Structure formats: C-alpha cells, structure tokens
Amino acid sequence: MRRLRACLGAAAAVTLAAAGTTALVASTASGATTALDNRWYAAAPYLMPLDNDPPDPAAIMDATGLKAFQLAFVLAPDGGGCTPTWGGTAPVASDTAVQSVISTIRAKGGDVSVSIGGYGGTKLGQACADPASTAAAYQQVVTKYGLHAIDFDLEEPEYENSAAIRNEIGAAKILQQNNPGLYVSVTTAGTADGTGWFGKQMLLEAKAQGFTPNNFSIMPFDGGFNGAASQTSALTNFNTILQSTFGWDQATAYAHEGFSGMNGRSDTGEYFTQADFQTVLDYATSHHMDRFTFWSLNRDRQCTPADNGGRTSGTCSSVAQNAWDFAKYSVKFAGVTPPTTTPTPTPTPTPTPASCKPAWSSTAVYTAGNEVSYNKHNWKARWWTQNETPGASQWGPWQDEGAC
C-alpha cells in the first residue's frame, strides 16, 4: 500500500501491429515518441523519480533490458486545489525534473506510465468537484508528458470515500474516451479473499459507470500474506470477484486482472523473495493475466547496515539480492529475456550522500512535505504531526528518504 510508497511532436495515433492495439501519440514541447507494446506498460515497475533516493533509470535499462517505468505519484496540492502535482509539492505544469527523467528513458527507446494516488497525501479525486474536473487535471499530465499509459492507484484512505472514487473512476473513463489507445490500469488493495469491501465497492462503481480499464490489479501484501502461495490464492479469489461483478468468464477475468507486489520486506514485515516473484510470475503468465508490476525500483537493491536495521526501507529491499533482481521479472513478463552478461553501463556520476535536513524536534509541529533528519536518515512528513518519532511506526507520519 505504498507507504514508503526523446522528443514529442504533433499528436497522432500509431497502430502497433505486433500487439494489435492502437496507442496515442500526444503533443508536448519536447519532440516525438512512439508508444511501446502495451505489454511493457503492463510490466512497468513503480519508480519514485523525486523521492526515496531515485536510481538512474538508464542504468536499470542497461542492466536488465527494462523499457517501461511506472512513475509515482501525482496528487492534489498539499495546500488545496484541483491541479496535478508530484507528491503534493511539485506542480506538474512547471515541472522540469520529471520531464528530464522521462526524456532520458525515451532517448534509450523506453517509455513511462504515470501513477496517480497511492497511500499518502490528498488525491485529486478528493480535491476536485466532479469527474469532469478530475479528468481535466489528469489530462494536463497526459498532455504534458505525451503519455500512452496511466495508472489509478486507489487505496486507503481515498477508496473509503465514495464521492472521491466516483470522481476517479469517472475521470478514468473520460481519459480513456478522450485519448484513444491510452493504457489504463486500476490498482487497489489486496486481501486473502481477493480484495476487501472498499475494493469491491470500487469495482461496483466501475460497473455502474460502464468503465472497463485494461486491468484491475490488486496488491497482495501488507495484509497477513506469507510468500507466493498466499498471493496466488488471493489472485484466484480476485478472479472470482471479477467474474461475479462484471459477468465475465474466467478467461476474460484473468485478461483484465493484474498483480502489484512489493519486493523484499513489506511495511508489515512480510517477506517476498526472488523465488516468490518467480512463482507469481509463472501464475500470471500461465493464466494470461494482463499485468505484473511491483513497488518499487527505488527498493530494488540490497540494503547496507547503515540503510537498514531489520526494518522496511524506501530505498532498499531488506533481502539478499543483486541490484535490479526484481526488475528482471517485469522484463520476463513483457516477453523479453534479461541480459545474462553485464552490459557496458551508462556513465553516471559517483553519487554523494544526501545532506541531512534540520534535526527532528519532539516539540515542533510538522505538516505534509516538511523534511527532517533523525538517526542519520532524512524523513518527510506525510501529514500533520507532533512528537511522533520518525521510524517509530511503519504506519506513522514519516516517510524514510534514505541515509544522510
């Protein structure tokens, strides 16, 4: 539940003969790009481009063969309003930092999807008045970045707000209609029986509005899961829910179903290893599921003792691994064999440790977006807080931004 969590020219539609799909090419200020096969957008792992010590996407592409990234998250402004921002603080309209990341990816033949929502912050569905205004805010993101794919990450606390979910589902439907070929995924919480009451209400809202995305994906972690068997069981149960909700047969339900996992140690202390990912990947491909992704590439590297003391981190996985081990499962889902030899890496500058933010104070009042340092890590406040120690609770107000 996401607690940690080339150039474009004139608009044109490009037919992807191999996939049999039509994808939008949008217009932005930066030149022309062609959509990837939809399977790549379905395989795109999440990447926070501005937080959690962002890795170099070019290096990941070189090492794994990955071509698509799911950039997270677009939210309403922390100060209120119905305009899109990155993380509630960086307006999309004036963004150059994320645009630079996208340009790097596209220059190497890749592309991005953008995810809206997630666990923290205020969502546009909560802030905007109706589906039309919500869609208009998201259309700014689609147009700015020339998107061919978008993800609606609908989870708590937003999915407990029926008006907000009505706005989000309505906005997704409008975007789908106004951007022919746009790949749309909807991601929500997973439970042992598939998804919970609010997830089921979200599906009923989609049915009532006549909206069918490319897939509905569940996140089977942070809910008492224990390895791959519990996850595939939840996916089987979720398939039954999709059948009963939409009147689909089993194969059609699987063709509209997705998996969104968490690599390594989850927020609640569950562990998902490379072997677990392989098992779920085998399940997804054998059942012809539409999507296989995970949270996140920022975490797809081994922790050092300074990074992690047996806790969940936003910048490493807390399991033994080589860098980008988990990304390779996404590459396999896209139908590509990851490289077996180490390619010549894209030259990157030697990273320097982040400087420490002002020290946390137990008496100070902090609001969403405020940054502090504590125990040699930087932390960002998710919401209003006072006298809550950073890192004291996995469910607390502080997001770990890595060692400093």
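Computed from a prediction, not measured in an experiment: that's the story for all the values here.

Caption draft 1: Geometry of the nonpolar core. Counting 93 residues, the largest nonpolar core has F69, F152, F216 and F292 as the members making the most contacts within it. Broken down by element, this core gets its largest block of residues, seven residues, from helix α8 (residues 228-246). Residue contacts for F292: discarding those within four places in its chain leaves A42, A43, F259, F277, V280, L281, A284, Y329, S330 and F333. One finds W360, Y366, V372 and W398 within the second-largest nonpolar core, a separate group that totals six residues.

Caption draft 2: Highlighting the side chain of N239. Within the secondary structure, N239 is located in helix α8. Given a relative accessible area of 1%, N239 falls into the buried group. Engagement of the side chain of N239 in a polar contact is seen with the side chain of Q243, the distance being 2.6 Å. Apart from residues lying up to four places away in sequence, N239 is in contact with Q250, A253, Y254 and E257.

Caption draft 3: Fine view of the pairing of strand β11 (residues 257-262). The buried fraction of β11 is high, at six of six residues. Along β11, one buried face is formed by E257, F259 and G261 and the opposite face, lined by G258, S260 and M262, is buried too. Relative to β11, strand β10 (residues 215-219) is paired through three bridges, and the arrangement is parallel. Bridged to I218 within β11 is F259. Sheet topology places β11 next to strand β14 (residues 291-295); five bridges connect them, and they run parallel. Among the inter-strand pairings, F259 is bridged to a residue of β14, identified as F292.

Caption draft 4: Spatial organisation of the pattern of salt bridges. Scanning the entire structure with this criterion turns up nine salt bridges. The partner of K380 in a salt bridge is D51, and the shortest N-O contact between them spans 2.9 Å. Placement of K380 in strand β17 (residues 377-381) and of D51 in the loop between β3 (46-47) and α2 (57-64) is noted, with a sequence separation of 329 residues between them. Here K380 and D51 have matching classes, each one buried. When the shortest N-O distance is used, the salt bridge between D400 and R311 registers 2.8 Å. Residue D400 is found in strand β19 (residues 398-403), and its partner R311 is found in the loop between β14 and α11 (327-333); the two are separated by 89 residues along the sequence. Taking relative accessible area as the criterion, D400 reaches 3% and is therefore assigned buried.

Caption draft 5: Here's a closer look at the state of the cysteines. As enumerated under the stated definition, the model contains three disulfides in all. Sulfur-sulfur distance for the disulfide between C82 and C128 comes to 1.9 Å. An S-S torsion of about 100° defines the bridge between C82 and C128 as right-handed. Of the two residues, C82 sits in the loop between β4 (68-75) and β5 (85-86) while C128 sits in the loop between α4 (124-127) and α5 (131-145), which places them 46 residues apart along the sequence.

Caption draft 6: Representation of unusual backbone geometry within the structure. The omega torsion across A72 and F73 is -10°, close enough to zero to call that bond cis. Inspection of the secondary structure puts F73 in strand β4. In this chain, E156 is followed by P157 through a cis amide linkage whose omega measures 0°. Its place among the elements puts P157 in the loop between β8 (149-153) and α6 (162-178). The phi dihedral of D53 is positive, around 50°, even though this residue is not glycine. The topology assignment puts D53 in the loop between β3 and α2. A positive phi angle, near 55°, is found at H288, a position not held by glycine.

Caption draft 7: Structural detail: the packing of α8 against helix α10 (residues 274-286). In contact at an axis separation of 9 Å, α8 and α10 are set at 25° when each is read in the N-to-C sense. If you check the angle between α8 and α10, you find them roughly parallel. Crossing of α8 over α10 shows right-handed handedness. Residues A228, Q231, T232, L235 and T236 of α8 form the contact with α10, whose participating residues are D276, T279, V280 and Y283. Across the contact of α8 with α10, the residue classes break down as four nonpolar, four polar and one charged.

Caption draft 8: Representation of the side chain of T385. Positionally, T385 belongs in strand β18 (residues 385-386). Judged by its relative accessible area of 1%, T385 falls in the buried class. A polar side-chain atom of T385 sits 2.9 Å from a polar atom in the side chain of E388. Every residue in contact with T385, bar those within four places of it in the chain, is listed here: A364, V365, Y366, P397 and W398.

Thresholds, definitions, all that
- Starting from 1, residues in each chain are numbered consecutively following that chain's sequence as written.
- Where totals are concerned, whole chains, interfaces and linings use all residues; where local detail is concerned, this predicted model gives features only for residues with pLDDT of at least 70, and gives and counts side-chain atom pairs only at 80 or more.
- Side-chain numbers come from the whole structure's heavy atoms, not from hydrogens or water.
- For our purposes a nonpolar core is just a set of buried Ala, Val, Leu, Ile, Met, Phe, Trp, Tyr and Cys residues, chained together by side-chain atoms within 4.5 Å.
- Burial status follows relative accessibility: with a 1.4 Å probe on protein chains alone, a residue under 20% of its type maximum counts as buried, one over 50% as exposed, and anything between as partly exposed.
- Note on conventions: DSSP H or I runs of at least 4 residues are helices, E runs of at least 2 residues are strands, and numbering of each starts at the N terminus.
- Any two residues having at least one pair of non-hydrogen atoms within 4.5 Å are treated as being in contact.
- N or O atoms closer than or at 3.5 Å make up a polar contact, with two conditions inside protein: a donor-capable atom paired with an acceptor-capable one, and, for residues adjacent in sequence, both atoms drawn from side chains.
- Strand pairing is assigned whenever DSSP detects at least two bridges linking the two strands.
- The working definition used for a salt bridge is a side-chain nitrogen of Lys or Arg within 4 Å of a carboxyl oxygen of Asp or Glu.
- In what follows, a disulfide is any cysteine sulfur pair within 2.5 Å.
- Angular values range over 0 to 180 degrees, each being the angle between N-to-C directions of two axes fitted as lines to C-alpha atoms, with helices fitted over their stretch in contact.
- Angles are sorted into four bins: roughly parallel if under 35 degrees, roughly antiparallel if over 145, roughly perpendicular if 65 to 115, and oblique for all others.
- For any pair of crossing helices, the crossing counts as left-handed if the nearer helix is rotated counterclockwise from the farther one by less than a right angle, and right-handed if it is rotated clockwise.
- Residues are grouped as follows: Ala, Val, Leu, Ile, Met, Phe, Trp, Tyr, Cys and Pro are nonpolar; Asp, Glu, Lys and Arg are charged; every other residue, Gly included, is polar.

Function cannot be inferred from these measures alone, as they are strictly geometric.
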